[in-house]
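One-letter residues, chain by chain:
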Amino acid sequence: MKPNKLKRNLIIIFSVIVLACAIILVLYNTTDIFRTKRGAFFRYFEQIPEAFEILETSDGYKTYQNTKESMPYITSGEMTITESNNIADASILNKIRLTLNGKTDNKSEKSNTRVTVNSENTELFNMTIARNKKLYGFYAPQIADGYIVVRNEKLNELADKIDFEYAENVPEQIMPLNIEKILEIKNNEKNSIAKYIRMINNQAPDTAYTKNDSEKIEIEGQTYQTTSYSLKLNSEQNSNLQISILEEMTKDSIMMNFITSKCRLLNLKQDFTDINTLNSKMKERIELLKNDSSLAGEIVITVYENIQKNIQTKIEYDNKIITLSHIQNDDDNYVILKIEDENKITTVKLEKNTDGYIVKIQNEENDIIKSAEFIYSLTGTVSENNIQNHLTIKLVDDIKRITFEYNDNINFTNDIGTLEEMQDDKVAVINDYDADYLKEFVNLVKKQINTVYINQAASIGINLDPIFLD
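Residues numbered from 1 in each chain as written. Predicted model: local features only at pLDDT ≥ 70, side-chain atom pairs only at ≥ 80, totals over all residues. Heavy atoms only, no water.

> Please clarify how helix α12 (residues 435-458) should be interpreted in this entry.
For an α-helix, 3.6 residues make a turn, and residues three or four places apart therefore share a direction. In a regular helix each residue adds 1.5 Å, so 24 residues correspond to 34 Å; α12 covers 34 Å between its end C-alpha atoms and thus fits that length. Residues of α12 that are buried: L438, F441, V442, V445, N450, V452 and A457. Of the surrounding secondary structure, the elements contacted by the buried residues of α12 are β4 (122-132), β6 (147-151) and α5 (155-161). (Helix = DSSP H or I, 4+ residues; strand = E, 2+ residues; numbered from the N terminus. Expected span 1.5 Å × (residues − 1). Buried < 20%, exposed > 50% of the residue type's maximum accessible area, 1.4 Å probe, protein only. Contact = heavy atoms within 4.5 Å.)

> What's the story with the environment of K394 in this structure? I'm lost.
If you trace the backbone, K394 turns up in strand β16 (residues 387-397). Given a relative accessible area of 34%, K394 falls into the partly exposed group. Put simply, K394 and K360 are 34 residues apart on the chain and 9.0 Å apart in space, counted from C-alpha to C-alpha.

> Honestly, the packing of aromatic side chains in this entry has me stumped. Any pointers?
Each aromatic ring pair is characterised by the separation of its centres together with the angle its planes make. On inspection of all chains with the given rule, the structure shows 14 aromatic pairs. Residues F42 and F45 carry aromatic rings whose centres are separated by 6.0 Å and whose planes lie at 75 degrees to one another, so their mutual orientation is edge-to-face. Pair noted here: F42 and F45 are both in helix α2 (residues 37-45), with a separation of 3 residues, about one helical turn. Comparing F42 with F45 shows no difference in burial state: the two are buried. Among the aromatic residues, those joined into a cluster by ring pairs are Y61, Y64, Y73, Y376 and F412. Over the aromatic face of Y334 sits the side chain of K349, whose NZ or CZ is 4.6 Å from the ring centroid. (Phe/Tyr/Trp six-rings, centres within 6.5 Å; stacked < 30°, edge-to-face > 60°. Lys NZ or Arg CZ within 6 Å of the ring centre and 35° of its normal.)

> Just to check I follow, could you spell out the confidence of the model for the protein chain for this structure?
When pLDDT is averaged along the protein chain, the result is 88; 92% of the residues meet or exceed 70. Low pLDDT (under 50) marks residues 9-31, which in the prediction has 14 contacts with non-local residues, meaning those over four places away or in another chain. (pLDDT = per-residue confidence, 0-100.)

So this is what it looks like as structure tokens:
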């Protein structure tokens, strides 16, 4: 063969090989043709964190939040009732105005806000909400003759003292919500998380994975054609996997620090925020599973792929179903978390649009629906010092429906005037009371709140049920 012809043939062969490799690479990255059921499952399973990117805020909102932490500001706002069903006559509710005037200096950890409720020219209620470092209190002359104050520490002990129904879920202290810190994952933490995903991948047998090429699912009334991939573990397989992961975690300082720090930011209870406590809980779980693998139960995790994106993940275990849906396209950007537990369904939807956010929380039990929807937007800029917050609140309690509109103006200034202090001689820090006295005190406050609430509403022709029930 002539040298030139041989050279030309080699070039052709090399070009074909390169083209074939390129096609395979493209197909591998854009389709699941060359992936096993296991490989496809983990491809979409690892996309789950993308759903939480919806929590990332705009640069303008971040600047606003950062400025609030570093510079004093004055707030002036108003709330009105714009719509109601089966509560009271609209002509009565339309006259009600809640006004809010506050001064805040987060650097010195102090704030003071006066809230007033009026019906036309008649004042129905007023109170002052104040903060001084760890002390948070309110003073309402119609309720008590001084500030009722909570110290933001050992809140779990305080909840136990008053026999609070959900005391076991109360954290030691409440941290301000910081979305950026919650979403932040350092490189060493990402590597640690990847290790546990590999453990799941390595321990589950090939027979645990299944594929359904054509499965229709419905999200918010829209039907999607999907391919689903499932991982199903029986009790013994699930138990062995849990033991392996927990044993590794108890020795993994990076992961333990990661879990407890995020749980602190989420204001979870001490079981999850203290490393030693969490470590002990994990070891207890390991021993229980070693003694009885049936405690783990069967678990099924299914991911639903549409156009190479995980749009829904479903976890089924212990007669519960947890579903996370994530839709992001030119028209929609929302995440829905749905928890089904026997006859109770809880749904949380977070939607992001060009104006802001919509958050809806709904509980459905025994065909009774209760929900709260919050529609929030921010206008103005810090540089122009014309920030305005806009919030619509829609509440549903079976057949009762009411809508509130709130708008405020934020003025950043070093001249906020004097912050009214909580006077020592008129401050009741309830953390310091013993349990018996505190229970009696709390019950008296609840009764007085009910009395004021019902009587003031009746004075303008509204019949309301008490806030606190015996």
